[in-house]
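Below, each chain spelled out in residue letters.
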Amino acid sequence: MKDVYKAAQGSGIHPREASRHHAESCSQVLEQALDKARIGVTEIDLVAYSAGPGLGPCLRVGAVLARTLGSYYQRPIVPTNHAIGHIELGKFLCHLDDPLVLIVSGGHSALTAKIGADWKIFGETLDLTLGQLIDQFGRFLGLSSPAGPQIEQLALTGKETLDSDESLVALPYIIKGNDVSYSGLLSAAKELFSKKNIRREAICYALQEVAFSILAEATERALAFTDKTELLVTGGVAANQRLSALFSSMCSARGVKAGVIPRQYAGDCGSQIALAGFLFYKSSPNHAKADQAFVRQSWRIDQIALESEALTLPESVTPTEFRPNIGAEAKIDLIVWHGRNVVRKIRVPKAYRNEKLDQWLREKRTREEAEILHRAKLSGVECPLLYFVDPVKMELYLEYIEGILLRNLELCGRVKNSPDDSVLTNCYDLLGKYAARLHSDHIIHGDLTTRNVIHTHDGRLVLIDFGLSFISERIEDQAEDLHLLKQALKSTTTEGRAKTAFDIVLGGYRIEAGSKVTDRLQSQIKEIERRGRYARVD
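Residues numbered from 1 in each chain as written. Predicted model: local features only at pLDDT ≥ 70, side-chain atom pairs only at ≥ 80, totals over all residues. Heavy atoms only, no water.

**Student:** Please explain the side chain of Ser50 as it appears in this structure.
**Tutor:** Counting through the fold element by element, Ser50 comes out in strand 1 (residues 47-52). Other than its neighbours up to four places away in sequence, Ser50 contacts Leu59, Thr80, His82 and Ile273. (Helix = DSSP H or I, 4+ residues; strand = E, 2+ residues; numbered from the N terminus. Contact = heavy atoms within 4.5 Å.)

**Student:** Help me understand the pattern of salt bridges, please; the structure alone is not making it clear to me.
**Tutor:** Two side chains of opposite charge can pair, provided their charged atoms sit close to one another. Tallied over the full model, the rule gives 34 salt bridges. With a closest N to O distance of 2.6 Å, Glu480 and Lys176 form a salt bridge. Here Glu480, found in helix 15 (residues 475-492), pairs with Lys176, found in strand 6 (residues 175-176); they are 304 residues apart in sequence, far enough to count as distant. Of the two residues, Glu480 and Lys176, both sit in the buried class. (Salt bridge = Lys/Arg side-chain N within 4 Å of Asp/Glu carboxyl O. Buried < 20%, exposed > 50% of the residue type's maximum accessible area, 1.4 Å probe, protein only.)

**Student:** Would you take a moment to explain the side chain of Asn81 for this structure?
**Tutor:** Checked against the element boundaries, Asn81 lands in strand 2 (residues 77-81). Only 3.1 Å separates the side chain of Asn81 from the backbone nitrogen of Ile84, close enough to count as a polar contact. There is a polar contact of 3.1 Å between the side chain of Asn81 and the backbone oxygen of Trp299. Discounting residues that sit within four places of it in the chain, Asn81 has contacts with Gly52, Pro53, Ala276, Phe280, Trp299, Arg300 and Ile304. (Polar contact = N/O pair within 3.5 Å; in protein donor to acceptor, adjacent residues only side chain to side chain.)

**Student:** Is there a simple way to explain the packing of helix 4 (residues 130-140) against helix 8 (residues 200-226) in this structure?
**Tutor:** For any two helices packed against each other, the geometry comes down to the angle between their axes and how far apart the axes lie. As a packed pair, helix 4 and helix 8 sit with axes 11 Å apart at the nearest point and diverge in direction by 170°. Of the possible angle classes, the one that applies to helix 4 and helix 8 is roughly antiparallel. Along its contact with helix 4, which presents Leu130, Leu133, Ile134 and Phe137, the element helix 8 presents Ile203, Cys204, Leu207, Ala211, Phe212 and Leu215. Grouping the amino acids of the contact of helix 4 with helix 8 by side-chain chemistry returns 10 nonpolar, no polar and no charged. (Axes fitted to C-alpha atoms, helices over the stretch in contact; angles between N-to-C directions. Parallel < 35°, antiparallel > 145°, perpendicular 65-115°, else oblique. Nonpolar A, V, L, I, M, F, W, Y, C, P; charged D, E, K, R; others polar.)

**Student:** Help me out: how do you make sense of empty space enclosed by the protein in this one?
**Tutor:** Enumeration over the complete set of coordinates arrives at two cavities of 30 Å³ or more. Phe122, Asn178, Phe225, Thr449, Leu484, Gln487, Ala488 and Ser491 together form the lining of the largest cavity. Per element, the largest residue contribution to the lining of the largest cavity is four residues, and it comes from helix 15. Looking at the lining of the largest cavity, its residues break down into four nonpolar, four polar and no charged. In this structure, the second largest cavity encloses a volume near 30 Å³. Along its surface, the second largest cavity is lined by Leu102, Ser109, Ala110, Leu111, Gly123, Glu124, Asn178, Val180, Leu215 and Ala218. Here the lining of the second largest cavity gets three residues from one element, more than from any other, and that element is strand 4 (residues 109-115). Broken down by class, the residue content of the lining of the second largest cavity amounts to six nonpolar, three polar and one charged. (1 Å grid on protein atoms, 1.4 Å probe; cavity = no way out; pocket = protein on both sides within 12 Å on 5 of 7 lines; lining within 4 Å. Points joined across faces, edges and corners; volume = space filled by probe spheres on them.)

**Student:** Teacher, can you tell me more about the sheet that holds strand 5 (residues 118-124) here?
**Tutor:** Picture the strands of a sheet paired through backbone hydrogen bonds; they go either parallel or antiparallel. Spatial ordering of the open sheet is given by 5-4-3-8-9, a layout of five strands whose pairing is mixed. Each edge of the open sheet is held by one strand with a lone partner, namely strand 5 and strand 9 (257-260). Pairs of neighbouring strands in the sheet enclose a mean axial angle of 20°, with direction left out of account. Both strand 4 and strand 5 contribute to a ladder of six bridges, which runs antiparallel. For Ala113, the partnering residue across the bridge sits in strand 5 and is Lys120. Across the sheet, helix 3 (residues 82-94) is in contact with strand 3 (100-104), strand 4, strand 5, strand 8 (230-234) and strand 9; its angle to strand 8 comes to roughly 125°. (Pairing = 2+ DSSP bridges.)

**Student:** Looking at this model, I keep getting lost on the sheet that holds strand 13 (residues 395-399). Mind explaining?
**Tutor:** The sheet built from four strands is open, its strands ordered 10-11-13-12 with antiparallel pairing. Edge strands, defined here as strands with exactly one partner in the open sheet, are strand 10 (331-337) and strand 12 (386-390). The average angle at which neighbouring strand axes cross in this sheet is 25°, direction not considered. Judged from the seven bridges that link them, strand 10 and strand 11 (residues 340-346) form a sheet pairing that is antiparallel. Paired with Leu334 across the two strands is Val343, which belongs to strand 11. Each of strand 11, strand 12 and strand 13 touches helix 12 (residues 355-378); the most contacted strand, strand 13, lies at about 25° to it.

**Student:** Quick question: what am I supposed to make of the environment of Tyr434 here?
**Tutor:** Within the element layout of this structure, Tyr434 appears in helix 14 (residues 422-440). When its relative accessible area of 4% is taken as the criterion, Tyr434 is described as buried. Separated by 74 residues in sequence, Tyr434 and Gly508 place their C-alpha atoms 8.4 Å apart.

**Student:** Is there a simple way to think about the packing of helix 7 (residues 183-195) against helix 8 in this case?
**Tutor:** Contact pair helix 7 / helix 8: the axes reach a minimum separation of 10 Å and the direction vectors enclose 160°. In this view, helix 7 runs roughly antiparallel relative to helix 8, as classed from their interaxial angle. Handedness of the crossing formed by helix 7 with helix 8: right-handed. Across the interface between the two elements, Leu185, Ala189, Leu192 and Phe193 of helix 7 pack against Arg200, Ile203, Leu207, Val210 and Ala211 of helix 8. The residue inventory of the contact of helix 7 with helix 8, partitioned by class, reads eight nonpolar, no polar and one charged. (Left-handed = near helix turned anticlockwise from the far one by under 90°.)

Put into C-alpha cells, the structure is as follows:
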C-alpha cells in the first residue's frame, strides 16, 4: 500500500510539500497495509524505517512514525538504508545471488557490488541522475514530476513516427569509463526542442536512447572490470520498459544473468524497507532506542557492511555457460597474423543501441583510437603497436602484450601483500608519469583503470585500450581521467591501500608535470568527487 506525492504540473518535488503529504497520509497508509496483511499492529516484531539517503524532511516523517510505534508498542526500531532496500528486494525477487547492481532513480545512478562485507561503487553519475535527467526535461516540456511514464510514452510515439535519426547523433554521448554525465545531454535536448523545432516526441525518443545506451555501456565496463556474471537493475527508472529491454539485450549478448526488478516494486515502497530492516536487524540486533533513531540525508551505500546469511530461493533462470569475449565496445580475439600473435579488436554492432547511433559511434572510435595510439607512443607512453586498421570493418590489429593486469597484480597478491611493495610502487609511479605525459600532449585516455594496464614479464608497464580516448586541453577532462583511476583502486582494495596507491600515482604525475599543475589537478579531482553521490573526498 502506498500514497505517492504528486507535484503540480510542470514543477518538481518540493521537500516541504512532500513531507507535509507524508505526514498527512502515513496513518491511513499504515492502516490499509495492516488490513491488507490481515494482522494487528501488536503482531509486528520490529519497526524499520528509511534513515537515508533521501530528502531530509520526508525522512524525518518516517523516523517520527517509527519512533512512535516502536516506543509505544515496545518494538525494536531499525534504521535502514534506502538504497540497500532497493537492492535487497531486487535480489530477492529476481533470484540473484551476487550481482553487479545498477540502481537508477531520482536520487541514484550508480553501479555497485558487494565485495566481502563491503559495498563498493564501480561507477556513478558525475552530475545528474538518470531520474533527474528525465524529470528535468519533463518539467521543461511542462510535464509533472515524476515525468518518467509520460516521457516513456512520448518516446514510444516518437519512435513510431520518427522521420530521421538526426536528433540521436546531435545529442552528446558522454561516458567516462564507468561514470556517466547527463547535464550536457539535458542542455542539448532542450536546445534541440527550443531552436531546431524538432517535435518533442522525437526528442524524448532520442533522449532515452542516448541516456540508456550510455548507461548500458558503463554497465558493460563494470561487468568486465568485476567479472560478475549477474546484473540487477533496480530503482524507480527500472520500471521503464525500454530500459528493461535494453539491459536484457546487453546481458544476453554477454552471457550474463539479468534481473530487472518487477515494475510494481521498482519505485520506493514499504517492501524494500521491510526486507532491508530484517537484514539490518539480523546483522546487528542491537537496535536503536527511540531517542537515538537517526536520519542521514546523504547516507552512502559504501559506508555499510552487512554480515548476514543470504536469503535463498530456487533458481528460476539458468545462467548461460558460454561467455563471449566481448568488451564494452569491442570483441577481442588473439589470432596469428603474418606469423605473429596479434590482438584483433572488432567493434561489433551493439543490438541494444539505435542502429544509426551505433554505427556512428563505432566508426568514430575506430578512427580516433588508431590516431591516438600513434600519438601516445610519441608522447613517451608504452602502448601496443598498431599493425593494421580497417575503418570499414571497424577492425584494429594490435601488438599482443603478454603479462598480468595491474588490477590482478593488486588483487591476487602475486607480490607482497602491501601497496608499498617495490613492484607495485614502481607500477603506480610509472602510471602517474604516463598519465602526465598523455595529458601534456592533450590526450585523455578515457578509461584509465587498473584493468587497462599490463605489467609484462620483463618488467615493463603497458597502457592498453584507448577506445574511449580523445583530445582535450581541459583540466576537467584530465582530472576525470585520474578520478576514474582513483575510483577503480577504491573498488578493488581497502580504503587505506587505495589511498597509498593513488598517492604514489600522484607522485609520479608530479615528477613529470610539476607541483603547480599537479596541485591544480588534485583540486579539480576533489571538485569532481563532491558532485558524485557516493564518492569520498580525502
